Amino acid sequence: MYVMMANASWARSFPCEMATKHFRPKSATGVLLSNSDLDHKPMLERKDELVSDFAAHTRVDGIDFTLPAHSVLFLKIEQEPERYRSGSSATP
């Protein structure tokens, strides 16, 4: 599953919780675009001034994380193999 989220607030970070039904997340990683310096010049000198790796906390029934102020997140959520999902009759 792929998710893109944006936080347009210049000052507030937002805690996010995503519930997933019939989908047990294995991992949730992605790329975060963010720069907290509002006076920064628009042209970047280095990629790491804006781009960073991101990992969300996974639970059996979803994921949670904090989306920083003035940021865009591209998140890839991978599903657990069927044998680990609740109610599965598959054997490991």
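Here, every reference points to the structure presented above.
Described below are features of the structure shown in this document.

Before going further, it helps to spend a moment on the overall build of the protein chain. For the protein chain, the helix and strand inventory stands at zero helices and seven strands. Burial status across the protein chain gives 27% buried among its 92 residues. Pairs at least 24 apart in sequence give 75% of the contacts found in the protein chain among residues at least 6 apart. With the model as given, the accessible surface of the protein chain reaches about 6,600 Å², and the carbon-plus-sulfur share is 54%.

Time to look at unusual backbone geometry. Unusually for a residue other than glycine, His22 sits at a positive phi of about 60°. Locating His22 in the fold gives a position in the loop between β2 (14–19) and β3 (25–34). Non-glycine residue His70 carries a positive phi angle of around 50°. Residue position: His70 is located in the loop between β6 (62–67) and β7 (71–79).

Once that is clear, we can look at a nonpolar patch on the surface. Together, Met4, Val31 and Phe74 make up a nonpolar patch on the protein surface, roughly 270 Å² of accessible area in all. For Val31, the location among the structural elements is in strand β3.

On to the nonpolar core. Nonpolar side chains in soluble globular proteins tend to be buried together. Within the largest apolar cluster, 14 residues are counted, with the highest numbers of intra-cluster contacts made by Phe54, Ile63, Phe65, Leu73, Leu75 and Ile77. For this core, the secondary structure elements donating two or more residues are β2, β3, β6 and β7. Residues contacting Ile63, with those up to four places away along its chain left out, are Cys16, Glu17, Met18, Pro25, Ala28, Ala56, His57, Thr58, Leu75 and Ile77.

Spatial ordering of the open sheet is given by β2-β6-β5, a layout of three strands whose pairing is antiparallel. In the strand order of this sheet, the two ends are held by β2 and β5 (57–59), each with one partner. Strand after strand, the sheet turns through a mean of 20° between neighbouring axes, direction not considered. As paired elements, β2 and β6 share six bridges and run antiparallel to each other. Paired with Met18 across the strands is Ile63, a residue of β6.

Turning next to the pairing of β7. Strand direction decides the pairing type here: strand β1 (residues 2–7) and β7, joined by six bridges, are antiparallel. The residue of β7 that forms the bridge with Asn7 is Ser71. Bridging between β3 and β7 involves nine bridges; their strand directions are antiparallel. Bridge pairing in β7 links Ser34 to Ser71.

Cut-offs applied
Residues numbered from 1 in each chain as written. Predicted model: local features only at pLDDT ≥ 70, side-chain atom pairs only at ≥ 80, totals over all residues. Heavy atoms only, no water. Helix = DSSP H or I, 4+ residues; strand = E, 2+ residues; numbered from the N terminus. Buried < 20%, exposed > 50% of the residue type's maximum accessible area, 1.4 Å probe, protein only. Contact = heavy atoms within 4.5 Å. Areas by Shrake-Rupley, 256 points an atom, 1.4 Å probe, with all protein chains shown as cover. Patch = residues over 30% accessible without salt bridge, like charges linked within 9 Å, V, L, I, M, F, W, Y side chains within 5 Å. Salt bridge = Lys/Arg side-chain N within 4 Å of Asp/Glu carboxyl O. Core = buried A, V, L, I, M, F, W, Y, C linked by side-chain atoms within 4.5 Å. Pairing = 2+ DSSP bridges. Axes fitted to C-alpha atoms, helices over the stretch in contact; angles between N-to-C directions.

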